[in-house]
Amino acid sequence: RERESESVCVSVGREMGQENATAQKRGGALPTTAANGGRAAARSPMISRGRQIHRTFNNIKITILCGFVTILVLRGYIGVNLGNSDADAVNQNLIEETNRILAEIRSDKDPNDPDNDLSDADINPNVTYALGPKITNWDEERKVWIDRNPEFPSFVNGKARILLVTGSPPNPCDNPIGDHYLLKAIKNKIDYCRLHGIEIVYNMAHLDKELAGYWAKLPLIRRLMLSHPEVEWIWWMDSDALFTDMLFELPLSKYDSYNLVVHGYPDLLFDQKSWIAVNTGSFLFRNCQWSLDLLDAWAPMGPKGAIRDAAGKILTANLKGRPAFEADDQSALIYLLVSKKDHWMKKVFLENSFYLHGYWVGLVDRYEEMIEKYHPGFGDSRWPFVTHFVGCKPCGSYGDYPVERCLSSMERAFNFADNQVLNLYGFRHRGLLSPKIKRIRNETVHPLEFVDQFDFRRPVHGKSGS
C-alpha cells in the first residue's frame, strides 16, 4: 500500500507538471492580435504570476495529502496507534477487499456468470438431465463434413486419428508438490503422443456446472467429438495415470467393430456385478452417433446435489462391494452396461490383454525386475502400458494411501518411462527415484549409424531395455 500511495502522489505530480508544460505551450502558441492594443501583453505577467501562486498552493496541498497517506500506511506497519478509528476501518476494508479479489482470482467462479446464481432448488429432479441438444444424425453429418474437408482425414497413412484428452481442476492443488506431479504427468503424456503421432488436449475448465468432479470428462468428450469430426477416436486418460510402456501401440484393428474400449473383466461385470469390473481412468470412444447416445444415457446420474446423492444409493444397492457415497462415473457406466446389456454391450470391448489401466500397487515395485528380464513393447504385466495411481490423489488433501508412498511411486513410474525416452539421446536417470541423469553412451561423428540400434520405437529382439 505504501508503494501505491507513492505511485499516486508521483502520478498526480507528473500530471501537474504536464499541465504546466501544456499551458506554457498554449501560451506560446497564441499570437497577440492588434485588436487587443497590447493590453493583453501587459496583463500576461500578472496572470502568469497569479497562476504560479495558485499552483504553488496546490503543490503544497498535494504534498501534505501524500504525507498524510504515507503516515496512515506506515502506521499499519509499525503499529503506532494514532487514535483514528476511521483509518482502522478503511484499512480493514482494504484488506477484506484484497482478500476477496484474491479468492475470486484463485477460484473458477465468475461473479458475473448467471450460472452462479443456480442452486439445488433450481434443479428439477423430474426432468432428465441432458448434456446438450439431442443429436440423431451425427454419423451422416460427420461423413459429409469429412468429404467436404479432405485436408482433415479421419485416417492418416492408414492409421485412425486419435485425440488423447486429459485434464485437471482449474484451481491450484492443495499442496504445491501436487502441481509438480501434474506437470510431470502431462509431460509423460506429451512424450508418448509425440512418439506415436497422437494429438493431445489438456483441459482445466469446467464446461458444465452440474457435472464436476468425476463427471467433468463427459461434457468435455462430447464437445470434442462435435468440434473435431476429423478425429476417429477420443481417448480419455486421468491426470494420475502415466504411460510406462512408451513403445506399445493400441491394437486398433481389434476394435473395428466396437465403439467403446475400456479396461475390464466380463466375469466381474456380469457374474459378480462388481463396482470395479471396469475402470474409466483410461478408455476410448469412437466418434460416432452410438457414442453420443451412450453419453446421453450415462450423464443423467451425474448432476451434483440431490440427483447424484440419490443415484449413489441406487449404485451402492446394485453393485457388489461399492461403498456408500454419491454417484461416480465409473459405477454409473457399470450399472448401465449390466442393466442394459443387450442394448450396449454389442459395441463395447472389455480389454484385458494389456494394461490399458494398470493398478500401480502391484507394478511400481517390480520395475527393476522388468528392466532385468524384459523390454518395452509388451504392454502387460511384463512391461505395463499404463500405470494408474488410483486412490493417491496427489493434487488433493486426502487419499487412500500415505502421501509419501504415492509420491515416491509416481516418481519411480515417471522415471521408468522417461528412461525410455532419454535412451534415444544417450542418457538415463541415475536411479528410478533420482531426477538427475547420466550419459550411457558416447557421442559419435556418425550418429545415423546408431539410430536403428538405439531407437526403441523399432522392434528389439533378444535384448532387454529401459
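Scroll up to find the structure.
Everything numeric here is computed off the predicted structure, so don't read it as measured data.

A. Spatial organisation of the overall build of the protein chain. Helix and strand counts for the protein chain stand at 14 helices and 12 strands. Long-range pairs, those at least 24 residues apart, make up 73% of the contacts in the protein chain with a sequence separation of at least 6. Surface accessibility of the protein chain: about 26,500 Å² in total, with carbon and sulfur atoms responsible for 55%.

B. Inspection of the state of the cysteines at higher detail. Going through the model one piece at a time under the given rule, you end up with 2 disulfides. The side chain of C173 participates in a disulfide bridge whose partner is C395; the two sulfur atoms lie 1.9 Å from each other. Here the disulfide of C173 and C395 is left-handed, its torsion about the S-S bond being about -105°. Of this pair, C173 sits in the loop between β3 (162–167) and α5 (176–196) while C395 sits in the loop between β10 (386–388) and α13 (403–422), and the two are 222 residues apart along the sequence. With respect to burial, C173 and C395 carry one shared label: buried. Disulfide pairing places C392 opposite C406 at an S-S distance of 2.1 Å.

C. Inspection of the packing of α5 against α13 at higher detail. Remark: α5 packs on α13, axes separated minimally by 11 Å, with the N-to-C direction vectors making an angle of 25°. One way to sum up the angle between α5 and α13 is to call them roughly parallel. Once α5 is placed against α13, the crossing between them reads as left-handed. Along its contact with α5, which presents I177, Y181, K184, K187, N188, D191, R194 and L195, the element α13 presents L407, M410, E411, F414, A417, D418 and V421.

D. Quick peek at the environment of L218. Along the chain, the position of L218 falls in helix α6 (residues 217–227). Of the residues examined, L218 reaches a relative accessible area of 0% and is grouped as buried. Between the C-alpha atoms of L218 and A299, which are 81 residues apart in sequence, the distance is 7.2 Å. Dropping the residues within four chain positions of it, L218 is found in contact with L131, L295, W298 and A299.

E. Just the pairing of strand β7 (residues 260–264), in detail. With 5 of 5 residues buried, β7 is to be regarded as a mostly interior element. Neither face of β7 is left uncovered, since the one carrying L260, V262 and G264 and the one carrying V261 and H263 both have all their residues buried. Alignment of β7 against strand β8 (residues 278–286), held across 5 bridges, turns out to be antiparallel. Each bridged residue has a counterpart across the sheet, and for G264 the counterpart in β8 is V278. Alignment of β7 against strand β9 (residues 348–351), held across 4 bridges, turns out to be parallel. Of the residues in β9, the one forming a bridge with H263 is E351.

F. Representation of the pattern of salt bridges. A full pass over the atoms with the stated rule returns 21 salt bridges. Where E411 meets K184, a salt bridge forms, and the shortest distance between an N and an O atom there is 2.7 Å. Placement of the pair is E411 in helix α13 and K184 in helix α5, with a sequence separation of 227 residues. Of the two residues, E411 and K184, both sit in the buried class. Among the salt bridges present, the one from D191 reaches R194, with a minimum N-O distance of 3.3 Å. One end of the pair, D191, and the other, R194, are both in helix α5, 3 residues apart, so they sit about a helical turn from each other. Its relative accessible area of 47% is what places R194 among the partly exposed residues.

G. How the structure looks around the packing of helix α8 (residues 289–298) against helix α10 (residues 329–339). With their axes 10 Å apart at the nearest point, α8 and α10 run at an angle of 110° to one another. Between α8 and α10, the interaxial angle falls into the category roughly perpendicular. Note that α8 runs across α10; the crossing there is right-handed. Where α8 approaches α10, its residues L294, A297 and W298 are matched on the opposing element by D329, A332, L333 and L336. Across the contact of α8 with α10, the residue classes break down as 6 nonpolar, no polar and 1 charged.

H. How the structure looks around the sheet that holds β8. Spatial ordering of the open sheet is given by β4-β3-β5-β8-β7-β9, a layout of 6 strands whose pairing is mixed. The open sheet terminates on both sides in strands that have one partner only, identified here as β4 (199–203) and β9. Ignoring strand direction, the axes of neighbouring strands in this sheet form an average angle of 25°. Sheet strands touched by α5: β3, β4 and β5 (233–237). Its angle to β4, the strand with the most contacts, is close to 160°. Strands β7, β8 and β9 of the sheet are contacted by α10, whose axis makes an angle of about 70° with β8.

I. Looking closely at unusual backbone geometry. The backbone of N157 shows a phi angle near 55°, a positive value even though the residue is not glycine. Tracing the backbone shows N157 in the loop between β1 (155–156) and β2 (159–160). We classify N157 as exposed; its relative accessible area is 82%.

Each value, and the rule that gives it
Residues numbered from 1 in each chain as written. Predicted model: local features only at pLDDT ≥ 70, side-chain atom pairs only at ≥ 80, totals over all residues. Heavy atoms only, no water. Helix = DSSP H or I, 4+ residues; strand = E, 2+ residues; numbered from the N terminus. Contact = heavy atoms within 4.5 Å. Areas by Shrake-Rupley, 256 points an atom, 1.4 Å probe, with all protein chains shown as cover. Disulfide = S-S within 2.5 Å. Buried < 20%, exposed > 50% of the residue type's maximum accessible area, 1.4 Å probe, protein only. Axes fitted to C-alpha atoms, helices over the stretch in contact; angles between N-to-C directions. Parallel < 35°, antiparallel > 145°, perpendicular 65-115°, else oblique. Left-handed = near helix turned anticlockwise from the far one by under 90°. Pairing = 2+ DSSP bridges. Salt bridge = Lys/Arg side-chain N within 4 Å of Asp/Glu carboxyl O. Nonpolar A, V, L, I, M, F, W, Y, C, P; charged D, E, K, R; others polar.

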